[in-house]
Amino acid sequence: MHSYLPFEKPVIELREKIAELKSFTEEKEIDLSDEISTLEDRLEQLEKDIYGNLQPWQRVQIARHGERPTTLDYINYLFTDFMEMHGDRLYGDDEAIVGGIAKFKGRPVTVIGHQRGKDTKENLKRNFGMPHPEGYRKALRLMKQAEKFSRPVICFIDTKGAFPGKAAEERGQSEAIARNIMEMAGLKVPVISVVIGEGGSGGALALGVGNEIHMLENSTYSVISPEGASALLWKDASYAKEASETMKITAPDLKELEIIDKMIPEVRGGAHKDLEQQVIYIDEVLEHSLHTLAKLSEDELVLNRYDKYQKIGLLAGENVVPSTE
Amino acid sequence: MSLKDFFNKKRKYATIPSERQQPTNMNEGVMTKCPECKSIIYTKELKKYDMVCISCGHHLSMTAYERIDSLLDEKTFEEYDAGMTSANPLDFPEYHQKLDKDREKTGLNEAVVTGEGYMEDCPVVIGVMDSRFRMGSMGSVVGEKIARAIEAALTKNRPFIMFAASGGARMQEGVLSLMQMAKTSAALKRLDEKGLLYISVMTDPTTGGVSASFASLGDYNFAEPKALIGFAGRRIIEQTIREELPDDFQTAEFLLKHGQLDRVIPRDEMKDTLVKILDIHGYKEQ
Ligand SMILES: [Zn+2]
């Protein structure tokens, strides 16, 4: 049984009631099939109403769900022969980012992603998926290696943000993120980024400069967390729900802002409810992206990525025809 | 509002004319108090020394145009995109009012001034941020102006010099601000591949998304003395690691010590140093 979120309570309660009735009819040998069928219809409707109409704050909660599949969960299902590679060759190995080589339907790829844990022990090991500079430098090393051997790069984004710590600052958190962003822009191989959970600010973008960017339906991508936005803009951290609406951070929002290419559907109630089905949805999109990008030459790939980012932004005033045109 | 409406929207604010007036700012008063040593100094005197305190050497913040005047040969600066202004892509409450207020306060249309000019006869493209405008934060306009300036440097084969002064991303433009980090950095990648020089000078403050994009990507990364430079805010770090941070944490000197900067350059040596570097890279004509 999955742990459920507050807004799911009516669904869970109705489901329990149906189960109770069913066992009651078995025990007492009474026919309540009409009542049960009515309740099941109601449950179906209730699920549609709640899950089909998720509000930004509810999506944030799903994105943060403790059981939400992580990068390694997806890697295990989507790829074969995954072999993890460690270290940045400069300082250490940051377990908040995993990366390595693998095959996707027989074709070699490089896979990189933020990695959080699902329990306290694993989260401590993974630093809650919040990387230090060495994590980003490892990712960059693996991307450059992918470029050398002409294989596509697939990145999974799942972080609250780069780690805000003393050591991270000393070792150049800013420079590590900046360097990744700049170097990703110039990679001569296809780059696909998929936001699978939280996409928190520069720490997410450092794996996010792709030819195609996709988001799972209940993932978020933002310049600051809803709590942070609330504190900063309204001097009070308790307006996170409102901030999640104002800041436009959900997959549907980013699709509308034309920042992402595809919103990948999630199984009803969130990816954690059925990992194998979720993998099928992601698999389809990856396959399509790789197929499309395989047609582009090295120069076209770089140009395609360049144009994508030069177009982002809304301007007013004089002379605002985008610079790329 | 549609994109077309934005294009058609009448400009409410005049662009900065070339014979501009000195923008209004906190230093307009006759006297200025040094925030470091608390000396009261004639503002005129302070400006003569490029806003460096005469009694303690503290570097007070400069406006974008003061900075440009202090660096470029007289009357050589030609501004790019002075009339570009911010839209409100997220329909963020009170964003327009805040922009209006800062325009009035600073005489600027946005938080960065870009353009071209000469430094002791070396042709350069330059961008200078002004922290008085929305704390120098980077939204769509700042990102676009910087990317266009870099593209101008590419077209004209000129070096690019950027003076950062920014609290980070412009929150009111949400994820669009975040993506400006990619827009500016991707443009710098082109500059890099063409072998053109990029000098980044970080001034007080250079933090967040600006520090984690173009400001850290110079062929040379410099800073002014004691400038605050960092990715995460000090308070957030203290809350996260529950540890006292050293007094000099995230200062230019701290970064220098940890290998994150090439040099810390006092303001009175800035122009000479930049010109020397331009010369070594062969940009000095004749
Ligand atoms: Zn002083």
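Before reading further, recall that the structure is shown in the block above.
This text gives an overview of the structure that appears in the document.

## Quick word on the overall build of chain B
A tally of regular secondary structure across chain B gives 10 helices and 11 strands. Per-residue burial for chain B yields a buried fraction of 59% across its 286 residues. Relative to all contacts within chain B whose residues are 6 or more apart in sequence, the contacts with residues 24 or more apart total 70%. As displayed, chain B offers around 12500 Å² of accessible surface, 49% of which is attributable to carbon and sulfur atoms.

## A look at helix 6 (residues 174-193) of chain B
Residue and element names in this part refer to chain B. With 20 residues, helix 6 should reach 28 Å at 1.5 Å per residue; the first-to-last C-alpha distance of 30 Å fits that figure. Most of helix 6 sits inside the fold, with 17 of its 20 residues counted as buried. In the segment just after helix 6, Gly-195 is the residue with positive phi, at about 75°.

## With respect to the coordination of the zinc ion
All names here are of chain B. For the zinc ion, the full set of protein donor atoms is Cys-34 (SG), Cys-37 (SG), Cys-53 (SG) and Cys-56 (SG), and the range of their distances to it is 2.2 to 2.4 Å. Bound by four donor atoms, the zinc ion shows angles of 106 to 113° at the metal and therefore tetrahedral coordination geometry. Mapped onto the sequence, the residues coordinating the zinc ion show the spacing C-x2-C-x15-C-x2-C. A residue pair is termed long-range when its members are at least 10 positions apart, and Cys-34 in the loop between strand 1 (31-33) and strand 2 (40-42) and Cys-53 in the loop between helix 2 (43-48) and helix 3 (64-71) qualify at 19 residues. Cys-34 sits in the buried class, given a relative accessible area of 1%. Of the residues examined, Cys-53 reaches a relative accessible area of 3% and is grouped as buried.

## Describing the interface of chain B and chain A
At the junction of the two partners, chain B supplies 61 residues and chain A supplies 54 residues. Both sides of the chain B and chain A interface together cover about 5100 Å² of buried area, and 68% of this is carbon and sulfur. On the chain B side of the contact with chain A, Met171(B), Met179(B) and Phe231(B) bury the most area, a combined 13% of that side's loss. The interface formed by chain B and chain A holds two salt bridges in total. Applying the counting rule to chain B against chain A returns 19 residue pairs in polar contact (both at pLDDT 80 or more). Of all the elements in the fold, those that place two or more residues in the side of chain B that touches chain A are helix 1 (3-8), strand 4 (84-86), helix 5 (140-156), helix 6 and helix 8 (234-241) of chain B. Top contributing element to the side of chain B that touches chain A by residue count: helix 6 of chain B, with 17 residues. Looking at the side of chain B that touches chain A residue by residue, the classes come out as 33 nonpolar, 17 polar and 11 charged. When strand 9 (residues 315-317) of chain A meets strand 4 of chain B, the two strands line up antiparallel, connected through three bridges.

## Comments concerning the environment of Ile280(A)
All names here are of chain A. For Ile-280, the position within the fold is in helix 13 (residues 275-293). Under the relative-accessibility criterion, Ile-280 is labelled partly exposed at 43%. Each C-alpha atom, one on Ile-280 and one on Thr-70, is 15 Å from the other, the two residues being 210 residues apart in sequence.

## Focus: unusual backbone geometry
Each neighbour pair has its own omega, and for Asp204(B) with Pro205(B) the value is -10°, a cis peptide bond. Tracing the chain through its elements places Pro205(B) in strand 8 (residues 198-207). Of note, the phi angle at Phe128(A) is positive, near 55°, even though the residue is not glycine. Turning to its location among the elements, Phe128(A) is positioned in the loop between helix 5 (120-126) and helix 6 (133-148). The residue Glu258(A) is not glycine, and still its phi comes out positive at about 60°. Among the structural elements, Glu258(A) can be located in the loop between helix 12 (251-256) and strand 8 (262-264). Residue Glu258(A) is classed as exposed on the basis of its relative accessible area of 68%.

Rules and cut-offs
- Residues numbered from 1 in each chain as written.
- Chains lettered and ligands numbered in written order.
- Predicted model: local features only at pLDDT ≥ 70, side-chain atom pairs only at ≥ 80, totals over all residues.
- Heavy atoms only, no water.
- Helix = DSSP H or I, 4+ residues; strand = E, 2+ residues; numbered from the N terminus.
- Buried < 20%, exposed > 50% of the residue type's maximum accessible area, 1.4 Å probe, protein only.
- Contact = heavy atoms within 4.5 Å.
- Areas by Shrake-Rupley, 256 points an atom, 1.4 Å probe, with all protein chains shown as cover.
- Expected span 1.5 Å × (residues − 1).
- Donors = N, O, S within 2.8 Å, 3.2 Å for Na, K, Ca; no water.
- Tetrahedral: all angles 85-135°; square planar, octahedral: opposite > 155°, others 65-115°.
- Buried area = accessible area lost by both parts, 1.4 Å probe.
- Salt bridge = Lys/Arg side-chain N within 4 Å of Asp/Glu carboxyl O.
- Polar contact = N/O pair within 3.5 Å; in protein donor to acceptor, adjacent residues only side chain to side chain.
- Nonpolar A, V, L, I, M, F, W, Y, C, P; charged D, E, K, R; others polar.
- Pairing = 2+ DSSP bridges.

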